[in-house]
Amino acid sequence: MTTIRRLYFEPSDILAIQLECRKCGTTISCRLKDWKPVAAVCPNCLVPLIKDDKLELSTLHDLAAALNTLLTLGDRLAYQVRFEFDEK
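A few points on the structure. Since the structure is predicted, the reported quantities are computational estimates derived from the model, not experimental observations.

Quick notes on the layout of surface pockets
Roughly 150 Å³ of volume is contained in the largest pocket. Taken together, L19, E20, C21, R22, L49, I50, E56 and L60 form the lining of the largest pocket. Looking at the lining of the largest pocket, the elements that each hand over two or more residues are β2 (16-20), β5 (48-50) and α1 (54-73). Grouping the constituent residues of the lining of the largest pocket by class yields five nonpolar, no polar and three charged.

Below you can see the structure in the form of structure tokens.
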């Protein structure tokens, strides 16, 4: 028998965006509404996390802006936005 569990969340469930350094595992979290993607380095091992690269920065900026827009629209939408994930 196979059991499939799915996890759903709404934009309002997102508390923060977290970056984890692949080298040392240090994490940095910033509240979504305060998050402004900028070039950043790991505070522990100084590895560049977000490079000063136009594509990388614009992609992260667009992600944060889109999520913030969904949060701002909230109850004014005629539908509820949810994200679905496999729970593994």
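Considering the pairing of β2
Across five bridges, β2 lies against strand β3 (residues 27-31) in antiparallel orientation. If you follow Q18 over to β3, its bridge partner there is S29. Counting the residues in the hairpin turn of β2 and β3 gives six residues, including G25, whose phi is positive at 85°.

Description of the nonpolar core
If you look at the biggest cluster of nonpolar residues, it comprises nine residues: I14, I17, L32, W35, I50, L57, L60, A64 and L67. Once you skip the residues sitting within four places of it in the chain, I17 turns out to touch I28, S29, C30, L32 and W35.

Topic: the packing of aromatic side chains
Per the stated rule, a full pass over the model turns up two aromatic pairs. Note on F9 and F85: the rings are 5.2 Å apart at their centroids and 5° apart in plane angle, and the pair reads as stacked. Highlighted residues: F9 in strand β1 (residues 6-9) and F85 in strand β6 (residues 83-86), separated in sequence by 76 residues. We classify F9 as partly exposed; its relative accessible area is 24%. Grouping aromatic residues by their ring pairs yields a cluster made of F9, F83 and F85.

So, how was this worked out
Residues numbered from 1 in each chain as written. Predicted model: local features only at pLDDT ≥ 70, side-chain atom pairs only at ≥ 80, totals over all residues. Heavy atoms only, no water. 1 Å grid on protein atoms, 1.4 Å probe; cavity = no way out; pocket = protein on both sides within 12 Å on 5 of 7 lines; lining within 4 Å. Points joined across faces, edges and corners; volume = space filled by probe spheres on them. Helix = DSSP H or I, 4+ residues; strand = E, 2+ residues; numbered from the N terminus. Nonpolar A, V, L, I, M, F, W, Y, C, P; charged D, E, K, R; others polar. Pairing = 2+ DSSP bridges. Core = buried A, V, L, I, M, F, W, Y, C linked by side-chain atoms within 4.5 Å. Buried < 20%, exposed > 50% of the residue type's maximum accessible area, 1.4 Å probe, protein only. Contact = heavy atoms within 4.5 Å. Phe/Tyr/Trp six-rings, centres within 6.5 Å; stacked < 30°, edge-to-face > 60°.

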